[in-house]
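Residue-level listing of the chains:
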Amino acid sequence: MTERAAEDWLIRYLFVMVISATALLALVYGLVFEPNLAVVGGALLALAAMSAIVTIDLRSWRAT
């Protein structure tokens, strides 16, 4: 892995981790503290998007 590829990977997964952690916190907040369907839906949508990004990356990594 080149240095540039490693930096891209690091930035991408820092982004994924921040979005995923925020979505999990929003999910807990929307379910437990103040039930809100819009917050829960947004959190689930964000988690699904992050899961798709990780799945696509793992498939492309395994293919190489």
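Before reading further, recall that the structure is shown in the block above.
Residues numbered from 1 in each chain as written. Predicted model: local features only at pLDDT ≥ 70, side-chain atom pairs only at ≥ 80, totals over all residues. Heavy atoms only, no water.

A.B. asks: Honestly, the side chain of Ser-20 in this entry has me stumped. Any pointers?
C.D. replies: The topology assignment puts Ser-20 in helix H1 (residues 3–33). Excluding residues that lie within four positions of it along the chain, Ser-20 makes contacts with Leu-47 and Met-50. (Helix = DSSP H or I, 4+ residues; strand = E, 2+ residues; numbered from the N terminus. Contact = heavy atoms within 4.5 Å.)

A.B. asks: Please clarify how the packing of aromatic side chains should be interpreted in this entry.
C.D. replies: Here a ring pair, both rings aromatic, is described through the centre-centre distance and the interplanar angle of the planes. Counted under the stated rule, the structure contains 2 aromatic pairs. For the ring pair Trp-9 and Tyr-13, a centre distance of 5.4 Å and an interplane angle of 45° mean the geometry is tilted. Of the two residues, Trp-9 and Tyr-13 both sit in helix H1, 4 residues apart, roughly one turn of that helix. Judged by relative accessible area, Tyr-13 falls into the buried class, the value being 15%. Measuring from centroid to centroid gives 6.4 Å for Tyr-29 and Phe-33, while their planes differ by 40°, and the two rings are tilted. Taken as a pair, Tyr-29 and Phe-33 lie in helix H1 at a separation of 4 residues, close to a single helical turn. (Phe/Tyr/Trp six-rings, centres within 6.5 Å; stacked < 30°, edge-to-face > 60°. Buried < 20%, exposed > 50% of the residue type's maximum accessible area, 1.4 Å probe, protein only.)

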